[in-house]
Amino acid sequence: MLLTVNEVYKDFSQEGSFFLASKKPVLKGVSLQLAQGECLGLIGESGSGKSTLGRMMIGIEPPDRGEVLFDGQNIYKSAGWGKRADWRQKISAVFQDYTSSVNPRFQVWQIIGEPMHTRRRAASAGTMERIAYLLEKVGLHGGHVNRYPHELSGGQLQRVCIARAIATNPAFILLDEPVSSLDVSVQVQVMDLLASLKEEFNLSYLFISHDLAAVAYLCDRALFFAEGEIVEEVPRIMELGRVKAAYSRKLLHSVLDFSEGAADCHCRLAGVTE
Ligand SMILES: Nc1ncnc2c1ncn2[C@@H]1O[C@H](COP(=O)(O)OP(=O)(O)OP(=O)(O)O)[C@@H](O)[C@H]1O
């Protein structure tokens, strides 16, 4: 298994009364597994702990209890949290807010070169070649290489973030609401890009989204998440419309009418692409 999350717990301090600060449990014994080349959807209401779990799976939010194994290695123990280790090259992320994900003073080549440890002022010919290759992979071209973030559209900037995310040949990418800030027509294009990169590079994704159509389109299976716990698993995405738990049904019906099942969802998304 590429990634294994074993019984992870996380509490955050909460402002209490003047003298007391209470602890709020945000993850309550979550376990999951992710295989190479698989896309797992994580669906849940705002504040349910999805992003906390995502951050934990990319090595930046240590659990209070439990473990996260990448290729069998406990990412918070073996190399020490915060230190460089092989697994860091194999894990990356794309977030919802592409604007704050990049340094506004960096040009596109510097942003994409960041995980390749490119120096700020110059990059080798080999690195620039690699950057050109990555730009092409995400549907951009050489004309974008010297641009600054403010000279790009939202969709183009998110494509730059995706190029940066695949720069180190990762095995796993956290996609935390990666299309939620984009216009609907651009969302579909970026979803198509994520789907084709997954196929080409056999990537594994954890796809956090409120958009059930997007989950149905991209994911192989999905988890419904509430108050720090998995409430239901959908092992085959085509069965997304047949969830049983009251919470999952409530979420489904609040977003789309799923009475026709997940196929309906595919059709709706496909309709936008036509
Ligand atoms: N560093 C932190 N310190 C204190 N509380 C935090 C911290 N990070 C998250 N929380 C709290 O943990 C809870 C879960 O947050 P999280 O962002 O994981 O939820 P989410 O399901 O991703 O929500 P959304 O869909 O709105 O992004 C929230 O109540 C949030 O305020």
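Everything in this summary refers to the structure shown in the same document. (Residues numbered from 1 in each chain as written. Predicted model: local features only at pLDDT ≥ 70, side-chain atom pairs only at ≥ 80, totals over all residues.)

1. Digging into unusual backbone geometry
A positive phi angle is found at asparagine 202, which is not glycine, with a value near 55°. Structurally, the position occupied by asparagine 202 is in the loop between α7 (184-201) and β8 (204-208). We classify asparagine 202 as exposed; it has 11 C-beta atoms within 10 Å. A positive phi angle, near 45°, is found at glutamate 227, a position not held by glycine. Residue placement: glutamate 227 occurs in the loop between β9 (221-226) and β10 (229-234). (Helix = DSSP H or I, 4+ residues; strand = E, 2+ residues; numbered from the N terminus. Buried ≥ 20, exposed ≤ 12 C-beta atoms within 10 Å, placed from the backbone.)

2. Considerations on the environment of arginine 130
With respect to the element layout, arginine 130 can be found in helix α5 (residues 125-137). Arginine 130 gets classed as partly exposed once you count the C-beta atoms within 10 Å, which come to 17. C-alpha separation for the pair arginine 130 and tyrosine 247, spaced 117 residues apart in sequence, amounts to 46 Å.

3. What to know about the packing of helix α6 (residues 154-166) against α7
In the contact formed by α6 and α7, the axes pass within 10 Å of each other and the chain directions differ by 15°. Relative to α7, the element α6 lies roughly parallel. Read as a crossing pair, α6 and α7 show a hand that is right-handed. For the pair α6 and α7, contact is made by Gly154, Gly155, Gln158, Arg159, Ile162 and Ile166 and by Val186, Gln189, Val190, Leu193, Leu197 and Phe201, respectively. Of the residues contributing to the contact of α6 with α7, the split by class is seven nonpolar, four polar and one charged. (Axes fitted to C-alpha atoms, helices over the stretch in contact; angles between N-to-C directions. Parallel < 35°, antiparallel > 145°, perpendicular 65-115°, else oblique. Left-handed = near helix turned anticlockwise from the far one by under 90°. Contact = placed C-beta atoms within 7 Å. Nonpolar A, V, L, I, M, F, W, Y, C, P; charged D, E, K, R; others polar.)

4. Focus: the pairing of β8
Where burial is concerned, most of β8 is hidden: five out of the five residues are buried. In β8, alternate side chains face the same way, and those of Ser204, Leu206 and Ile208 on one face and Tyr205 and Phe207 on the other are all buried. Sheet analysis places strand β3 (residues 39-44) next to β8, joined by four bridges and oriented parallel. Bridge pairing in β8 places leucine 42 opposite isoleucine 208. Between the parallel elements strand β7 (residues 172-176) and β8, the chain passes through α7 in a crossover that is right-handed. (Pairing = 2+ DSSP bridges. Right-handed = clockwise from strand over helix to strand, strands pointing away.)

5. Digging into α6
Taking 1.5 Å of rise per residue, the 13 residues of α6 would be expected to cover 18 Å, and the 19 Å separating its terminal C-alpha atoms lies within 8% of that figure. Among the 13 residues in α6, ten count as buried, and that is most of the element. What α6 keeps buried is the set Leu157, Gln158, Arg159, Val160, Cys161, Ile162, Ala163, Arg164, Ala165 and Ile166. In this structure, the buried side of α6 is in contact with β6 (91-95), α3 (98-101), α4 (108-113), α5, β7 and α7. (Expected span 1.5 Å × (residues − 1).)

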